[in-house]
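# Coordinates in review
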Amino acid sequence: MAEQLQLSLFDFQDDYLPTKAKKNNAGKLLKWSYSKRSLLEQCLRKYYYNHYGGNKRTAKEEPLKEQLAVLKNLTNRYLAAGIILHDLIRKYIGQMQKGKIISLDYLLQQAKYRYRQQLGYAYSRKDKAIEIYYGFDNLDELIIETENKLLLAITNFVESFTFNTFRRFFSKPESLVEKNISIKTNFFSSGGKLDFAYIDNDKLVIVDWKLGGSVESQDTLQLMSYAYFASEELNHIPAKIELHQAHLAPDRVSSFEIGEHEIFRTKNRIIQDLEKMNRVHDYGQKGISQAFTPCGQSRVCQLCPFQEVCPKE
Ligand code: SF4
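Conventions used here
- Per-chain numbering applies: the sequence of each chain, read as written, is numbered from 1 onward.
- For this predicted model, a pLDDT threshold of at least 70 governs which residues receive local features, and a threshold of 80 or more governs which side-chain atom pairs are given and counted, while totals over whole chains, interfaces and linings are taken from all residues.
- For the side-chain quantities, the full set of heavy atoms in the structure was used; hydrogens and water were omitted.
- The way it works is that DSSP assigns letters per residue, a run of H or I at least four long becomes a helix, a run of E at least two long becomes a strand, and they are numbered from the N terminus.
- In this scheme, a residue with accessible area under 20% of its type's maximum is buried, one over 50% is exposed, and one in between is partly exposed, where area comes from a 1.4 Å probe on protein chains only.
- Helix axes use the C-alpha atoms of the stretch in contact, all axes being lines fitted to C-alpha atoms, and the angles between their N-to-C directions lie in the range 0 to 180 degrees.
- Any angle that is under 35 degrees is reported as roughly parallel, and any over 145 degrees as roughly antiparallel; angles of 65 to 115 degrees are reported as roughly perpendicular and all others as oblique.
- Every residue pair with non-hydrogen atoms within 4.5 Å of one another is taken to be in contact.
- Throughout, the arc means the angular range of directions from the helix axis out to the C-beta atoms.
- Here, nonpolar core means buried Ala, Val, Leu, Ile, Met, Phe, Trp, Tyr and Cys residues that are tied together by side-chain atoms lying within 4.5 Å of each other.
- Throughout this description, the term salt bridge denotes a Lys or Arg side-chain nitrogen within 4 Å of a carboxyl oxygen of Asp or Glu.

We now examine unusual backbone geometry. For Ala-59, which is not a glycine, the phi torsion comes out positive at approximately 50°. Relative to the assigned elements, Ala-59 resides in the loop between helix 2 (44-53) and helix 3 (65-72). Residue class for Ala-59 comes out buried when judged on its relative accessible area of 1%. In this structure, Asp-251 takes a positive phi of about 65° despite not being glycine. Looking at Asp-251, the relative accessible area reads 29%, which means it is partly exposed.

Have a look at this one:
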């Protein structure tokens, strides 16, 4: 973990200094992560259910606590596929670093087995995945569609020419795989995980594995935050960091350039997110769910585990 950093006035110009993040029940500063801020942006009520209502250590007054805690554990097809993909990639690269090769057949067979098991699809369980719990009409079609995407992503990861540049660094023992990286300042703490990173000449190359996605649909904050954390924790100047998103199923790579300006913007976006988290934190801890407005967007609600308790209409 990075040393405690003292932010200077130069870091926060324009008469703007961040408010110190509030503390959670464990007495630690509220921590920024990309997934947490995405939830906050997506739906405030879902953010409450996830971080307070369904959390046994806080919001003790929440009357639906038990039910929320069960719903919070439901997965979905995208989440399950993403977790399995990252897990198998970690194993594959880890074995290559030891001079061993895992066959593509084995990876595909593992992916299929684990995907169906995690969703509860293999043994018709209703308490595992949102799609089954809420009885989606076209269940089989949806599950198989994402499963095929997962299998294609793994095949491309192992075989596609598109990812050759990254593959050259898989076997290097110094390459980083799923490296936790974080920053703690006097005002806030934040962190993430680098899927894959290596040094190529004097550059730090960071690769984020994606099941799908495209260049057009991207929010680059996640990648930029990795560059920010790496510039601080791994001590690399931004101009010497390369960022790539490897879209495995679509067989494409998106690459991004960064500089001091992007790092400064990222830092400020993190601080703005933390200020939003700060503002709602006391309501969350007291279990005042009404302070968290449901987004009510059918596209978002459809894959939300909390739809049976949410007063979204
Ligand atoms: S059902 Fe919709 S509005 Fe309610 S918490 Fe979930 S995403 Fe938010």
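As a further point, take the packing of helix 2 against helix 3. Two elements in contact, helix 2 and helix 3, have axes separated by 10 Å at closest approach and are oriented at 105°. In terms of orientation, helix 2 lies roughly perpendicular with respect to helix 3. When helix 2 is examined against helix 3, the residues Tyr-49, Asn-50, Tyr-52 and Gly-53 are found in contact with a partner set consisting of Lys-65, Leu-68 and Lys-72.

This next bit is on helix 3. Residues of helix 3 that are buried: Lys-65, Leu-68, Ala-69 and Leu-71. Down the axis of helix 3, the buried set is contained in an arc of 165°. They therefore lie on one face. Along helix 3, exposed side chains directed more than 90 degrees from the buried face belong to Glu-66 and Val-70. For helix 3, the elements touching its buried residues are helix 2 and helix 6 (130-133).

Quick look at the nonpolar core now. Membership of the largest hydrophobic core comes to 49 residues, with the highest contact counts inside it found for Tyr-47, Phe-188, Ile-206, Phe-229, Ile-241 and Leu-243. The next biggest cluster of nonpolar side chains, apart from the first, holds 39 residues, and it includes Ala-81, Met-96, Leu-104 and Trp-209.

The next subject is the pattern of salt bridges. Under the defined criterion, the tally for this structure stands at 14 salt bridges. Two residues, Asp-273 and Arg-37, come together in a salt bridge whose shortest N-O distance is 2.8 Å. In this pair, Asp-273 sits in helix 10 (residues 260-285) while Arg-37 sits in helix 1 (residues 34-42), placing the two residues 236 residues apart along the sequence. In this structure Asp-273 comes out as buried when scored by relative accessible area, which is 4%. The class of Arg-37 is buried, set by a relative accessible area of 8%. Lys-193 is the salt-bridge partner of Glu-178, the closest N and O atoms lying 3.8 Å from each other. Of this pair, Glu-178 sits in strand 2 (residues 176-184) while Lys-193 sits in strand 3 (residues 189-200); the two residues are 15 residues apart in sequence, bridging distant segments of the chain.

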